Amino acid sequence: MKACRNCRHIVKNASKCPLCGSEELTEKYFGFVVVIDPEKSELAKSLDIKTPGEYALLVE
Ligand SMILES: [Zn+2]
């Protein structure tokens, strides 16, 4: 699995991010968070996540 450098979305079996279209993917990411309801998640707000999905906490 890789993470998008642009939006931190976890990308599986793809060469570009399905969420933002960026091809800036990295295997160097830390942490893992599943956001189900970004509207109600303080973590999602602090990470500026607006779409439900799987995200890395930090990308390098
Ligand atoms: Zn992305």
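Look above for the structure.
Below is a short write-up of the structure. (Residues numbered from 1 in each chain as written. Predicted model: local features only at pLDDT ≥ 70, side-chain atom pairs only at ≥ 80, totals over all residues. Heavy atoms only, no water.)

## Some words on the sheet that holds strand β2 (residues 10–11)
Pairing within the open sheet is antiparallel, and its three strands lie in the order β2-β1-β3. Strands with a single pairing partner mark the edges of an open sheet, and in this sheet they are β2 and β3 (25–26). Sheet analysis places strand β1 (residues 2–4) next to β3, joined by two bridges and oriented antiparallel. Of the residues in β3, the one forming a bridge with A3 is T26. (Pairing = 2+ DSSP bridges. Helix = DSSP H or I, 4+ residues; strand = E, 2+ residues; numbered from the N terminus.)

## Details of a nonpolar patch on the surface
Together, M1, F32, V34 and I36 line one region of the surface with nonpolar side chains, adding up to about 440 Å² of accessible area. Checked against the element boundaries, M1 lands in the segment before β1. (Patch = residues over 30% accessible without salt bridge, like charges linked within 9 Å, V, L, I, M, F, W, Y side chains within 5 Å. Areas by Shrake-Rupley, 256 points an atom, 1.4 Å probe, with all protein chains shown as cover. Salt bridge = Lys/Arg side-chain N within 4 Å of Asp/Glu carboxyl O.)

## Here we look at the nonpolar core
With six residues, the main nonpolar core is built from V33, V35, A44, L47, I49 and Y55. Those residues in contact with I49 that sit more than four places away from it in its chain are V35, P38, A44 and Y55. Core analysis: the second largest hydrophobic core is formed by five residues, C4, C7, V11 and C17 among them. (Core = buried A, V, L, I, M, F, W, Y, C linked by side-chain atoms within 4.5 Å. Buried < 20%, exposed > 50% of the residue type's maximum accessible area, 1.4 Å probe, protein only. Contact = heavy atoms within 4.5 Å.)

## Some words on the coordination of the zinc ion
Where a metal carries four tetrahedral donors, each ideal angle is 109.5 degrees; where it carries six octahedral donors, the ideal angles are 90 or 180 degrees. Protein coordination at the zinc ion: the donors are C4 (SG), C7 (SG), C17 (SG) and C20 (SG), at 2.3 Å from the metal. Coordination at the zinc ion comes from four donor atoms whose angles at the metal span 103 to 115 degrees, giving a geometry best classed as tetrahedral. Owing to a relative accessible area of 18%, C7 belongs among the buried residues under this scheme. (Donors = N, O, S within 2.8 Å, 3.2 Å for Na, K, Ca; no water. Tetrahedral: all angles 85-135°; square planar, octahedral: opposite > 155°, others 65-115°.)

## Points about the environment of G31
Tracing the chain through its elements places G31 in the loop between β4 (29–30) and β5 (33–35). Since its relative accessible area comes to 37%, G31 is described here as partly exposed. Along the chain, G31 and A56 lie 25 residues apart, while their C-alpha atoms are 5.4 Å from each other. Contact partners of G31, with chain neighbours within four places excluded, come to Y55, A56 and L57.

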